[in-house]
Amino acid sequence: MSKPVRVRFAPSPTGPLHIGGVRTALYNYLFARKMGGQMLLRIEDTDQNRFVPGAEDYIMEALRWVGIEIDEGQGVGGPHAPYRQSERREIYQKEAQRLVDEDKAYYAFDTAEELDVMRKRLEEANAPAAQYNSITRMQMRNSLTMKPDDVRARIDAGEPFVIRLKTPRKEEVRLNDLIRGWVNVHSSAIDDKVLLKSDGLPTYHLANIIDDHLMGITHVIRGEEWLPSAPLHVLLYRYLGWEDTMPQFAHLPLLLKPEGNGKLSKRDADLGGFPIFPLQWTDPVTGVVARGFREEGYLPEATINFLALLGWNPGTEQELFTMDELIASFDLTQVHKAGARFDIQKAQWFNHQYIRQVADQELAPTVQQQAEAAGFNCSLEKANKIVALLKGRVNFAHEIFNEASTIFNAPSVYDETIVAAKWNDDAIRAVTAFRDALQPVDGDFLAEAIKHTLGDAMQQAGIKQGKIMQAMRVALTGSGTGPDLMLTMEIIGKEETIGRLEAALATLKIKVS
RNA sequence: GGCCGAUUCGUCUAGCGGUUAGGACACCGCCCUUUCACGGCGGUAACACGGGUUCAAUUCCCGUAUCGGUCACCA
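Counting restarts for each chain: residues are numbered from 1 in the order of the written sequence. Chain letters start at A and ligand numbers start at 1, both assigned in the order the entries are written. Whole-chain, interface and lining totals are the exception, using all residues; otherwise, since this is a predicted model, local features are given only for residues with pLDDT of at least 70 and side-chain atom pairs are given and counted only at 80 or more. Derived side-chain values reflect all non-hydrogen atoms in the structure, with water molecules and hydrogen atoms excluded from consideration.

**Observations concerning the nonpolar core**
Soluble globular proteins: nonpolar side chains tend toward being buried together. By nonpolar core is meant a set of buried Ala, Val, Leu, Ile, Met, Phe, Trp, Tyr and Cys residues that side-chain atoms within 4.5 Å join together. The buried label applies to any residue whose accessible area, calculated with a 1.4 Å probe on protein chains only, is under 20% of its type's maximum; exposed applies above 50%, and partly exposed to all values in between. Ranked by size, the top nonpolar core spans 86 residues in total, and within it Ile 19, Leu 26, Met 39, Leu 63, Ile 68, Phe 342 and Ile 386 carry the most contacts. Numbering of helices and strands starts at the N terminus; helices are DSSP runs of H or I of at least 4 residues and strands are runs of E of at least 2. Counting residues per element, this core draws most heavily on helix H1 (residues 19-34), at nine residues. What Ile 19 contacts, discounting residues up to four positions off in sequence, is Leu 255, Leu 264, Ile 276, Phe 293, Thr 303, Leu 307 and Phe 342. Grouped together as the second largest cluster of nonpolar side chains are 37 residues, Met 146, Val 173, Ala 207 and Tyr 237 included. Residue contacts are defined here by distance: any two heavy atoms, one from each residue, within 4.5 Å place the two residues in contact.

Take a look at the structure:
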């Protein structure tokens, strides 16, 4: 029996979570649930310069919104606390020191300027790679080139230093990616990565490996941008003596720009007029507000469904999935290998599918609020009817109110094309006859009854109903398109219906002659 | 540029040696609706290119092209 699956989502609190990050978290979650395992949340805040206040809370709220439940980690606790890397520095320092003691890493004292000089010199010399590696390190200021006493003295004197990995000169490093298969890299392509920075905090590479090991992570599911450094990570597991329990890797394809070259960015979202963050984010420095999927009216279920299918497909023809269905059918080996272009139209379609399934009563209060904010009286009952009439036509809940404008507003102008084409003598006779037939109607003013009244009136007047429906619609709403007319009349009521018919008769009569 | 990865309709994708290359979004058309939509039905549309391997390649191998990622004391 293999050990229980444990995955982690390990974002950096450098700003709002990108939608691609949400997808990464989702795939981790689906895999964990599918395998009956656990999902951890770890905060990788080892870069003090890029820390953004509020980002961590934002990440947790975003995960909660889309329905990703964290079993262990930041915000929920667990046996491996703390889950914020900035609070675990001693752990990393201890392991980094161990690597130095075992001659697998070394101290380096080079300044930023010295590194620049080195790189420039190598580039000018047309060296294969301008990096700190097994060859160039012998010309730099580090514990491999300096006398031990000198090194000790500098450290004791408090001179800043970093710890670098002593990457082997020639060694084949291979890893078996769950999505991509075997990936081979020669160690000469890997430089002597900084493991511990001069501020005493680890770099991603070190912290990541140590924490994943300590926290019992069995599967590392992350973005493709990490694939180039994955061999380095394998090397680290080996040097730390943990290779036999090394997690399996799965590198996910990236989300690409809707058009053009490159990966999806905030700028594409601004240009395309779509969100790229799950929730609204207010930049703490500039105060600039970026709306999220939630604020734009996307339902969490739709967002998840859309994201899940961007790079993964169960191989069946099912398109709509609940979270439980996603879990049941998810399979890492079915993840597509190439990057996926981000297509917001598909997201809108998913939202359309989910909006129509929401109960009228749930959507009604929003419509009522919008109507009242716009200065209209709208009972909850009326809002309910409007929702029932329109929710199947829209992509977003907030569009219902806009679609209902012909209900709230009597027409002030009439669509000229329709008027020109359809407003003739028959139309006038029809509208007049219908108005007269409506006058004596008592009691409930319901669509079904209105339909009959109209039908009877047209029959009596000897007019084909189909011929005058467009004119009737224009008379009542000013527009050639809109929701079902009978129900529209039911909602606006008898008085308003008759009023609109008379207004149309008065203003449009003139145009005919 | 070096290294790594990828390449099926405009887009998301199914396919894992023999298929009329399937589905979804978008687009177009028809039907339904004595109105507008929703919806239903249908249509246009793809295996990057060149070599192999094989009785047979979209599928396997090698090149080429293109695209993506990465080359920091950022993650």
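Let us keep going from here.
**Considering the protein's contact with RNA strand B**
We call a residue near a molecule or strand when any one of its heavy atoms sits within 4 Å of it. Taken together, the neighbourhood of RNA strand B is formed by 60 residues, with Lys 197, Asn 261, Arg 393, Arg 473 and Asp 484 sitting nearest. Sugar plus phosphate: this is where 75% of the atoms of RNA strand B within 4 Å of the protein reside. Here a polar contact is taken to be a pair of N or O atoms separated by no more than 3.5 Å, where protein atoms must pair a possible hydrogen donor with a possible acceptor and residues adjacent in sequence count only if both atoms sit in side chains. The backbone of Gly 262 places a nitrogen or oxygen atom 2.7 Å from a phosphate oxygen of RNA strand B. Note that a phosphate oxygen of RNA strand B is positioned 3.0 Å from one of the side-chain N or O atoms of His 336. Elements represented by at least two residues in the surface near RNA strand B include exactly strand E5 (162-165), strand E7 (181-186), strand E14 (340-341), helix H11 (344-355) and helix H19 (465-477). With five residues, the top contributor of residues to the surface near RNA strand B is H19. Of the residues assigned to the surface near RNA strand B, the class counts are 17 nonpolar, 21 polar and 22 charged. Polarity classes work like this: nonpolar for Ala, Val, Leu, Ile, Met, Phe, Trp, Tyr, Cys and Pro, charged for Asp, Glu, Lys and Arg, and polar for all others, with Gly in that last group.

**Looking at the pairing of E7**
Every regular strand shows the same layout, with side chains that alternate between the two sheet faces. Where strand E6 (residues 172-177) meets E7, six bridges bridge the pair, whose relative direction is antiparallel. Across the sheet, residue Leu 175 finds its bridge partner in E7, namely Val 183. Pairing between strands is defined by DSSP: at least two bridges between them are needed. Hairpin connection of E6 to E7: three residues between the antiparallel strands.

**Topic: the pattern of salt bridges**
Put simply, a salt bridge is a Lys or Arg side-chain nitrogen that is within 4 Å of an Asp or Glu carboxyl oxygen. Scanning the model with the defined rule gives 37 salt bridges in all. Here Glu 403 makes a salt bridge to Arg 393, at a shortest N to O gap of 3.4 Å. On the criterion of sequence distance, the pair formed by Glu 403 in helix H14 (residues 399-403) and Arg 393 in the loop between helix H13 (380-390) and H14 is long-range, its members being 10 residues apart. As a salt-bridge pair, Arg 435 and Glu 502 come within 3.5 Å of each other at their nearest N and O atoms. Here Glu 502 lies in helix H20 (residues 485-512) and Arg 435 lies in helix H17 (residues 425-438), a separation of 67 residues in the sequence. Salt bridges sharing partners connect three or more residues here, namely Arg 8, Arg 42, Glu 44, Arg 88, Asp 211 and Asp 212.

**Comments concerning helix H9 (residues 300-308)**
Of all nine residues in H9, eight are buried, a share of seventy percent or more. Among all positions in H9, only Pro 300, Ala 302, Thr 303, Ile 304, Asn 305, Phe 306, Leu 307 and Ala 308 are buried. Among the structural elements, H1, helix H2 (55-66), helix H10 (323-329) and H11 are those in contact with the buried residues of H9.

**Some details on the packing of aromatic side chains**
In this analysis, rings of Phe, Tyr and Trp, with Trp reduced to its six-membered ring, are considered paired at centre separations within 6.5 Å, and the interplanar angle assigns stacked below 30 degrees, edge-to-face beyond 60, and tilted for intermediate values. All told, the structure shown has 16 aromatic pairs when counted by the stated rule. For the ring pair Phe 401 and Phe 408, a centre distance of 5.4 Å and an interplane angle of 45 degrees mean the geometry is tilted. Phe 401 gets classed as buried once you look at its relative accessible area, which sits at 14%. Look at Phe 408 and you get buried, because its relative accessible area is 10%. Ring pairing ties together the aromatic residues Phe 274, Phe 306, Phe 342, Trp 349 and Phe 350, which thus form one cluster. Look at NZ for Lys and CZ for Arg. If either is within 6 Å of the ring centre and within 35 degrees of the ring normal, a charge sits over the ring. Its guanidinium or amino end placed over the ring of Phe 109, Arg 154 lies 5.9 Å from that ring's centre, counting from NZ or CZ. Positioned over the ring face of Trp 182 is Arg 174, at 4.0 Å from the centre of the ring.

**Quick notes on the sheet that holds strand E4 (residues 105-108)**
Across the sheet, three strands lie side by side as E4-E5-E8; this open sheet has antiparallel pairing. The open sheet has two edge strands with one neighbour each: E4 and strand E8 (194-196). If you compare each strand with its neighbour and ignore which way they point, the axes differ by 45 degrees on average. Here E5 runs beside E8; their pairing, made up of two bridges, is antiparallel. Bridge assignment links Ile 163 to a residue of E8, and that residue is Leu 196. Think of each axis as a best-fit line through the C-alpha atoms, taken over the contacting stretch in the case of a helix, with angles from 0 to 180 degrees between the N-to-C directions.

**Overview of the layout of surface pockets**
Detection works on a 1 Å grid of protein atoms alone, calling trapped sets that fit a 1.4 Å probe cavities and calling open sets with protein on both sides within 12 Å along at least five of seven lines pockets, with lining residues defined by an atom within 4 Å of a point. Grid points are joined across faces, edges and corners, and a volume is the space filled by probe spheres set on the points. The space that makes up the largest pocket amounts to roughly 1300 Å³. Lining the largest pocket are 45 residues, and of these Pro 11, Ser 12, Thr 14, Glu 225 and Trp 226 sit closest to its centre. Counting only elements with at least two residues in the lining of the largest pocket, the list comes to strand E1 (6-9), H1 and strand E9 (219-223). The biggest single contributor to the lining of the largest pocket is H1, with five residues. Looking at the lining of the largest pocket residue by residue, the class counts come to 23 nonpolar, 11 polar and 11 charged.

**Comments concerning the side chain of Asn 133**
Relative to the helices and strands, Asn 133 is located in the loop between helix H4 (112-124) and helix H5 (148-156). Setting aside residues no more than four positions away along its own chain, Asn 133 makes contact with Asp 191 and Asp 192.

**Regarding unusual backbone geometry**
Put simply, Ala 81 and Pro 82 share a cis peptide bond, and its omega is -5 degrees. Positive phi values are uncommon outside glycine, yet Asp 103 reaches one of about 65 degrees. Mapping Asp 103 onto the fold places it in the loop between helix H3 (89-101) and E4. Given a relative accessible area of 44%, Asp 103 falls into the partly exposed group.

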